[in-house]
Amino acid sequence: MTASGGGQEGESSNVAVQAAVAAGGCGCLAIPVGGVLAVTLIFIVGGLGVVLMPLVILIMFFRGLLPADLGGISDDLTPVERICEDFEAAQDTPSDELATRAQQIALGDGLGTLEITPPGSDSPSQPCTVPADLYDSIEDAGSVCDVIGPVTIAAQIQYETGFDADFVGPNGAKGISQVPTDVFERLHKDGDPLDAKQSIAAQGAYLCELAEQAQSLIDAGEATGSVLDLTLAAYDVGMDVVREAHGVPATEEAQSYVVGVRTWFASMEGIGPPPRTMPDGPGLRDT
């Protein structure tokens, strides 16, 4: 299936997503650390703190402004991660350009490619941003329909559980992808939600089901927004809630979820540090 708008996903994304990126990106680039944190505080008071903070953290990293109390970026890299980081460093891309690319990717359609090591390296074609043993599963889950790509699959896992296959959510959902229990049982009868590969396969199938429903709502004039945003919101709060709201619900829970997943798009494509090394800051994990 094909989402309406195709490559123009960014133009139709939820307004809150665009506002978060604009405030978290452009504003941060021109002001010192104290100013960044002050802006963040203003948005926290206004109820959008969780939405804004992940993007603020990412932009501050590019500008070298990440305070120590946010945890910092781990330099304990695996050999594969080191190859990718060295390759990126050799490109000598200006930080402003990286920040701009990160913003564009965050607003995009999630159909980019996961970063892998370059062909001429000591370990060519190895995944740098997701666990190697799950790379094929993520690629497969991201090929079920043409609205949901591997970057979206990986970013959602990172936001949901940080790739913790044994994670059990507060609502009882089990596994790395936090597929709702009833949905997992329908898709994988007698399956094991704590099996990471089964969980990821169910995630891909369920996201595509939701994407088809979201497209139908948009086509019928019953909802506005992008198929991807509606799909992610429905994964979190349910399609009935999205239908009643005629789009992404205007709640912190729903909008924080959409932006939280989108925040990881750039990292999964290799913009910035490896996702595994990022600080566990506010808004970077579903809570």
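Here we summarise the structure given alongside this text. (Residues numbered from 1 in each chain as written. Predicted model: local features only at pLDDT ≥ 70, side-chain atom pairs only at ≥ 80, totals over all residues. Heavy atoms only, no water.)

Things to note about the environment of Ser-216
Applied cut-off: Think of it this way: any DSSP run of H or I at least four residues long counts as a helix, any run of E at least two long counts as a strand, and we number them from the N terminus.
Of note, Ser-216 is situated in helix α10 (residues 196–219). When the C-alpha positions of Ser-216 and Val-227 are compared, they lie 9.4 Å apart, and in sequence the two are 11 residues distant.

Quick look at the state of the cysteines
In a disulfide, the sulfur atoms of two cysteines are covalently bonded to one another. To be explicit about the condition: Note on terminology: disulfide denotes any pair of cysteine sulfur atoms within 2.5 Å. Accessibility here uses a 1.4 Å probe with only protein chains present; expressed as a share of the type maximum, an area under 20% marks a residue as buried, one over 50% as exposed, and anything in between as partly exposed.
Counting across every chain of the model gives two disulfides. Each sulfur in the disulfide pair Cys-84 and Cys-128 lies 1.6 Å from the other. Residue Cys-84 is found in helix α5 (residues 79–91), and its partner Cys-128 is found in the loop between α6 (95–106) and α7 (135–141); the two are separated by 44 residues along the sequence. Between the sulfur atoms of Cys-145 and its disulfide mate Cys-208 the distance is 2.1 Å. Classification of the bridge connecting Cys-145 and Cys-208 rests on its S-S torsion, roughly -85°, and on that basis the disulfide is left-handed. Pair noted here: Cys-145 is in the loop between α7 and α8 (150–161) and Cys-208 is in helix α10, with a separation of 63 residues, a long-range link. As far as the burial class goes, Cys-145 and Cys-208 line up, both buried. Described in terms of the sequence order of its bonded cysteines, the disulfide pattern of the chain is 1-2, 3-4.

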